[in-house]
Amino acid sequence: MAAPVEQLRVVEFYSGVGGMHYALILSEIPSTVVAAVDINEVANKVYKHNFPDINLLQRNIQSVSLKDFIKWDADVFLMSPPCQPFTRVGLKGDKTDPRTSSFLYLLQTLPQLTKKPGYILVENVKGFESSDTRNELVDVLKKCHFSYKEFLLSPTDLGVPNQRLRYFLLAKHQPLMFKETTLTNEEKTLLNHQILSENVCCHSNLDKNNLQEVESTPGRTDTSDISDRSKSEADIQNTSESMSISNLESQRDIGSKTEDKISPKERNIKEYLEALSQESFEDYVVPDKTLLRFGRVMDIVREEDERTCCFTKAYGHYVEGTGSFLQRNNALTKQWAFEDRLDSNVTLLRLQQLGLRYFTPRGVANFHCFPKEFSFPSELSRKQQYRVLGNSLNAHVVSVLLRLESSQVDIFDSR
Ligand code: SAH
């Protein structure tokens, strides 16, 4: 009889609706979530609804004690701390923003743990990489003998038609090392191109052969394979501490890197739509007053398109920059609706003919690559559904990172 597969013990901090948990399931890494912690009641309702048997703690992370950590005996920490302190809208308070306190608390706790987790994954918004909080994170990781890699990745990089550029950090506690054995060649190429920085823990008892293997990972410091890319991206590849990435997302979207993209099975928006009955369809039609006031700033996409913009927690509530709108009448264009010198009644009539509707919460969950089993408790309003989904993440992107993270199973097994 085959020996039972050892399950990694996972703690999901800032668990929200469980995006990390879905990524774990998608990654097929043998694992069990021993605890999930989140303070938000609404998000927790969704998590509980979908994962009724998981030990979900509705708590402030700052109330998690050393005793809890010892009890959990975790191999993996997954964390997506609040991102507002690292955004312009959130005023970039960084370490001084009270919403960062719980993450700083986790960073203070890590050195105190006798048994450190073998793996850590952190997710945050673009902007985090240039924060003091990120600097403190990597300082703590170095002090605790972790190797780490940092990435900026969007689902569009993996062929999913949704922009959601996010910062990711993968860390492994020595003697674990990065070795991309479980990734496809395309995934390896892609991830090597999206690395912002990496640091190999060079503690004295590391196996030199393994270290060599990590250091010779292609595409990391070798500039030859990125020579056709823009200077700013090349700079990013070769700079571990200072990063200037403001152009990165726009460079991606003008298609300069299509050769880096993985050919997906489902590239068109069409594949991600929720089928709607005529009756529920009416609920998602964009009202006339919204069309008239905000038509010009709407991001309008069609079924055959290969891109939607990032769905934020304000989707359905605000229009500009919160997510895309679906045009059902493919025969017409937005430009036609906004031709010069049209009377506003004519504009409205034309906009109506485009047949614009909101994406449904289930549609947004599809873009996040949540499985079809994911659902919301019936008491949640649509606004609440968009809100919690807007805080969540793309499970497919994280699952690829988790496979990279866990790929050195041989060393792990011999611990
Ligand atoms: N990855 C999650 C969402 C992370 S958003 C998902 O897939 O849904 C950040 C989450 O951190 C929010 O759900 C918020 O409620 C939670 N949070 C923020 N501060 C917290 C704290 N001090 N203690 C526990 N949870 C916190």
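Residues numbered from 1 in each chain as written. Predicted model: local features only at pLDDT ≥ 70, side-chain atom pairs only at ≥ 80, totals over all residues. Heavy atoms only, no water.

### Some words on the state of the cysteines
Under the definition given, this model contains 0 disulfides. A disulfide-free cysteine, Cys83 has its sulfur positioned 9.4 Å from the sulfur of Cys310, the nearest such atom. By relative accessible area, which is 25% here, Cys83 ends up partly exposed. (Disulfide = S-S within 2.5 Å. Buried < 20%, exposed > 50% of the residue type's maximum accessible area, 1.4 Å probe, protein only.)

### Observations regarding the packing of aromatic side chains
A complete count under the given rule lists 23 aromatic pairs for this structure. Here the aromatic rings of Phe69 and Phe77 are separated by 5.8 Å at their centres, their planes lie at 55 degrees, and the arrangement is tilted. Looking at Phe69, the relative accessible area reads 7%, which means it is buried. Judged by centre distance (5.7 Å) and plane angle (15 degrees), the ring pair of Phe311 and Phe367 falls under stacked. Pair noted here: Phe311 is in the loop between β9 (299–302) and β10 (324–327) and Phe367 is in helix α14 (residues 361–367), with a separation of 56 residues, a long-range link. On the basis of relative accessibility, which here comes to 1%, the residue Phe311 falls in the buried class. (Phe/Tyr/Trp six-rings, centres within 6.5 Å; stacked < 30°, edge-to-face > 60°. Helix = DSSP H or I, 4+ residues; strand = E, 2+ residues; numbered from the N terminus.)

### Thoughts on the packing of helix α1 (residues 19–27) against helix α16 (residues 395–405)
Between α1 and α16, the least distance of the axes is 8 Å, while the angle of their chain directions is 55 degrees. It follows that α1 is oblique to α16 by the angle criterion. Where α1 crosses over α16, the two elements pack in a sense that is right-handed. Residues Gly19, Met20, Tyr22, Ala23, Leu24, Leu26 and Ser27 of α1 pack against Ala395, His396, Val398, Ser399, Leu402 and Arg403 of α16. A per-class count over the contact of α1 with α16 returns 8 nonpolar, 4 polar and 1 charged. (Axes fitted to C-alpha atoms, helices over the stretch in contact; angles between N-to-C directions. Parallel < 35°, antiparallel > 145°, perpendicular 65-115°, else oblique. Left-handed = near helix turned anticlockwise from the far one by under 90°. Contact = heavy atoms within 4.5 Å. Nonpolar A, V, L, I, M, F, W, Y, C, P; charged D, E, K, R; others polar.)

### A closer look at the side chain of Thr133
Turning to its location among the elements, Thr133 is positioned in helix α5 (residues 132–143). For Thr133, a relative accessible area of 0% corresponds to the buried category. The residues contacting Thr133, other than those within four sequence positions of it, are Phe86, Asp94, Lys95, Thr100, Phe103, Leu104, Leu107 and Phe128.

### Quick notes on the pattern of salt bridges
Counted by the stated rule, this structure contains 14 salt bridges. Measuring nitrogen to oxygen at the nearest pair gives 3.3 Å for the salt bridge that ties Lys115 to Asp75. With Lys115 in the loop between α4 (101–109) and β5 (119–125) and Asp75 in the loop between α3 (66–72) and β4 (76–79), this residue pair connects regions lying 40 residues apart in the sequence. Across the salt bridge formed by Asp97 and Arg99, the nearest N and O atoms sit 2.8 Å from each other. Looking at Arg99, the relative accessible area reads 38%, which means it is partly exposed. What you see here is one network of salt bridges that share partners, running through Arg59, Asp68 and Lys71. (Salt bridge = Lys/Arg side-chain N within 4 Å of Asp/Glu carboxyl O.)

### Observations concerning the sheet that holds β9
Strand order in this open sheet of 3 strands is β9-β10-β11, and the pairing throughout is mixed. Two strands lie at the open edges of the sheet, namely β9 and β11 (356–358), each paired on one side alone. On average, each strand axis in the sheet is tilted by 45 degrees relative to the strand beside it, whichever way the strands run. Taken together, the 4 bridges between β9 and β10 define a ladder with parallel strand orientation. Within the sheet, the bridge partner assigned to Val301 lies in β10 and is Leu326. (Pairing = 2+ DSSP bridges.)

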